[in-house]
Amino acid sequence: MDPELLERITARRAELDELEEQLAKQLAEVRAERNELAVAERVLERVSEQLADERASVTPAPGRWANER
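These numbers come from a predicted model, not from an experiment. (Residues numbered from 1 in each chain as written. Predicted model: local features only at pLDDT ≥ 70, side-chain atom pairs only at ≥ 80, totals over all residues. Heavy atoms only, no water.)

A. Representation of the overall build of the protein within the structure. For the protein, the helix and strand inventory stands at two helices and zero strands. Expressed as a percentage of the 69 residues in the protein, the buried residues total 0%. (Helix = DSSP H or I, 4+ residues; strand = E, 2+ residues; numbered from the N terminus. Buried < 20%, exposed > 50% of the residue type's maximum accessible area, 1.4 Å probe, protein only.)

This is the structure we're talking about:
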């Protein structure tokens, strides 16, 4: 077997192993951020619904003020 060729193959495998580790780490970070954004989105929706409900309960119905005077 050609020692130079074997050395090149070994070096390339080491490069690919390192790249695989980097990509796996990056993928984990992307998934974590995506999950955080999904949670933030659900919280925003919930808060927006609560605010809309509060505004609806505070806003008088049309013509209500005229009838109360």
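Structure shown, so let's carry the discussion forward.
B. Up close: a nonpolar patch on the surface. The grouping of Val39, Val43, Val47 and Leu51 at the surface amounts to a nonpolar patch, some 280 Å² of accessible area in total. The residue Leu51 is located in helix H1 (residues 3-58) in this model. (Patch = residues over 30% accessible without salt bridge, like charges linked within 9 Å, V, L, I, M, F, W, Y side chains within 5 Å. Areas by Shrake-Rupley, 256 points an atom, 1.4 Å probe, with all protein chains shown as cover. Salt bridge = Lys/Arg side-chain N within 4 Å of Asp/Glu carboxyl O.)

C. View of H1. In a regular helix each residue adds 1.5 Å, so 56 residues correspond to 82 Å; H1 covers 82 Å between its end C-alpha atoms and thus fits that length. Residue Asp2 occupies the N-cap position of H1, its side-chain oxygen lying 3.1 Å from the main-chain nitrogen of Glu4. (Expected span 1.5 Å × (residues − 1). Polar contact = N/O pair within 3.5 Å; in protein donor to acceptor, adjacent residues only side chain to side chain.)

D. Structural view of the pattern of salt bridges. In this structure the tally under the stated criterion is one salt bridge. Across the pair Glu15 and Arg12 runs a salt bridge, and its minimum N-O distance is 2.9 Å. Within this pair, Glu15 and its partner Arg12 are both found in helix H1, separated by three residues, close to a single helical turn. The exposure class assigned to Glu15 is partly exposed, which follows from its relative accessible area of 46%.

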